Amino acid sequence: MNNLTKTSDTGTTPPESGIFGFMINFSAFLGAATMYTRYKIVEKQNQTSYFSTPVFNLVSLVLGLVGCIGMGIVANFQELAVPVVHDGGALLAFVCGVGYTLLQSIISYKSCPQWNSMSTCHVRMAISAVSCAAVVPMIACASLISITKLEWNPKEKDYVYHVVSAICEWTVAFGFIFYFLTFIHDFQGVTLRISTEINDDI
């Protein structure tokens, strides 16, 4: 019996489920922190040299954070235990995540060449395009699968849908990772500070 597992299949049963949940929650936190940092960088760049409406950057951040919430739902509601909630969280994570990368790619082009190189913009847009192209068949094929299970037989009627959905899911997931890696150069030239003030009137 040959199986191509989806990302959620790797953490459905104990003890893997505990590790999976912890790692996805941690990844969601790091993703949210990265997105907020990127938001503040773009905000500062836009104040220095106006290239885009601030609302565009804000919408991108909101989409990204909603996607991170979706990851949290995926982590805490197991695929076989509560499939409807789990799938809803996955839908939020992937759709909002792809939306985030698309908006950030557009922002990158708008801020080029002062804040981004054209090659970086092209790479970001290419990753966004591939992720966008993969998320559509992923959702379509996942919706056609009649039963949620771990073990699949190639002779089963929904096997092809399962394989296509799994391939697209992994493609989008790695797309997010590679997209965040393109932020490294931007982050290297930025310093973030947290200031603490004590109010005497309290």
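Residues numbered from 1 in each chain as written. Predicted model: local features only at pLDDT ≥ 70, side-chain atom pairs only at ≥ 80, totals over all residues. Heavy atoms only, no water.

Per an unreviewed UniProt entry, the chain goes by DNA damage-regulated autophagy modulator protein 1 isoform X3 and derives from Vulpes vulpes. Recorded in UniProt for the chain, the comment headed Subcellular location (unreviewed entry) runs: "Endomembrane system". Taken verbatim from the UniProt record of the chain, the Sequence similarities (unreviewed entry) comment is "Belongs to the DRAM/TMEM150 family." (UniProt positions renumbered as here; feature names shortened; annotations may be inferred.)

> Help me out: how do you make sense of the overall build of the chain in this one?
Helices and strands together make up the secondary structure of the chain, namely six helices and zero strands. For the chain, the succession of helices and strands along the chain, N to C, is α-α-α-α-α-α. Overall size of the chain, expressed as C-alpha extent along the three principal axes, is 60 × 50 × 25 Å. When burial is assessed residue by residue, the chain has 40% of its 202 residues classed as buried. (Helix = DSSP H or I, 4+ residues; strand = E, 2+ residues; numbered from the N terminus. Buried < 20%, exposed > 50% of the residue type's maximum accessible area, 1.4 Å probe, protein only.)

> I'm lost on the packing of aromatic side chains in this one. Help?
The geometry of an aromatic ring pair is captured by two quantities: the separation of the ring centres and the angle between the planes. Using the criterion set out here, one finds eight aromatic pairs in the structure. Look at Y179 and F183: their rings are 5.6 Å apart centre to centre, the planes differ by 85°, and that puts the pair in the edge-to-face class. Consider the rings of F183 and F187, whose centres lie 5.9 Å apart with planes at 25°: the pair is stacked. (Phe/Tyr/Trp six-rings, centres within 6.5 Å; stacked < 30°, edge-to-face > 60°.)

> When you look at the UniProt feature "transmembrane region" (unreviewed entry) in the chain in this model, what are you seeing that I'm missing?
Sites flagged by UniProt as "transmembrane region" (unreviewed entry) map to residues 20–37, 58–77, 89–109, 121–147 and 159–184. This span, residues 20–37, is 100% helix and 0% strand, and a straight line between its end C-alpha atoms measures 25 Å. Helix makes up 95% of residues 58–77 and strand makes up 0%, while its end C-alpha atoms are separated by 29 Å.

> Where do I start with unusual backbone geometry in this structure?
Most peptide bonds are trans, and most residues other than glycine sit at a negative phi. A cis geometry characterises the amide bond from C112 onward to P113, with omega recorded as 5°. In this fold, P113 is placed in the loop between α3 (83–110) and α4 (118–144).

> Looking at this structure, I do not really get the nonpolar core. What am I missing?
The nonpolar side chains of a soluble globular protein tend to be buried, and buried together. Residues F94, V98, V135, M138, V172 and F176 are the most contacted members of the largest nonpolar core, which totals 13 residues. Elements with a contribution of two residues or more to this core: α1 (16–48), α2 (54–76), α3, α4 and α5 (159–181). Discounting chain neighbours no more than four positions away, the residues touching V172 are F94, V98, S131, A134 and V135. Listed in part, the nine residues of the second largest apolar core include M35, Y39, L61 and Y179. (Core = buried A, V, L, I, M, F, W, Y, C linked by side-chain atoms within 4.5 Å. Contact = heavy atoms within 4.5 Å.)

> Help me out: how do you make sense of the environment of G67 in this one?
Looking at where G67 falls in the secondary structure, it is placed in helix α2. Judged by relative accessible area, G67 falls into the buried class, the value being 4%. Separated by 28 residues in sequence, G67 and V95 have C-alpha atoms that sit 7.5 Å apart. Look past the residues within four positions of G67 in its chain and what remains in contact with it is L92, A93 and C96.

> Honestly, a nonpolar patch on the surface in this entry has me stumped. Any pointers?
Together, I19, F22, M23, F26, F29 and L30 line one region of the surface with nonpolar side chains, adding up to about 640 Å² of accessible area. Positionally, F26 belongs in helix α1. For F26, a relative accessible area of 40% puts it in the partly exposed group. (Patch = residues over 30% accessible without salt bridge, like charges linked within 9 Å, V, L, I, M, F, W, Y side chains within 5 Å. Areas by Shrake-Rupley, 256 points an atom, 1.4 Å probe, with all protein chains shown as cover. Salt bridge = Lys/Arg side-chain N within 4 Å of Asp/Glu carboxyl O.)

> What is the right way to read the packing of α2 against α3 from this model?
The description of two packed helices rests on the angle between their axes and on the distance between the axes. Look at α2 against α3: their axes get within 7 Å of each other, and the N-to-C directions meet at 155°. As summarised for this structure, α2 and α3 are arranged roughly antiparallel, according to the angle between their axes. In the packing of α2 onto α3, the handedness of the crossing is left-handed. Residues of the contact of α2 with α3, tallied by class, amount to 16 nonpolar, nine polar and no charged. (Axes fitted to C-alpha atoms, helices over the stretch in contact; angles between N-to-C directions. Parallel < 35°, antiparallel > 145°, perpendicular 65-115°, else oblique. Left-handed = near helix turned anticlockwise from the far one by under 90°. Nonpolar A, V, L, I, M, F, W, Y, C, P; charged D, E, K, R; others polar.)

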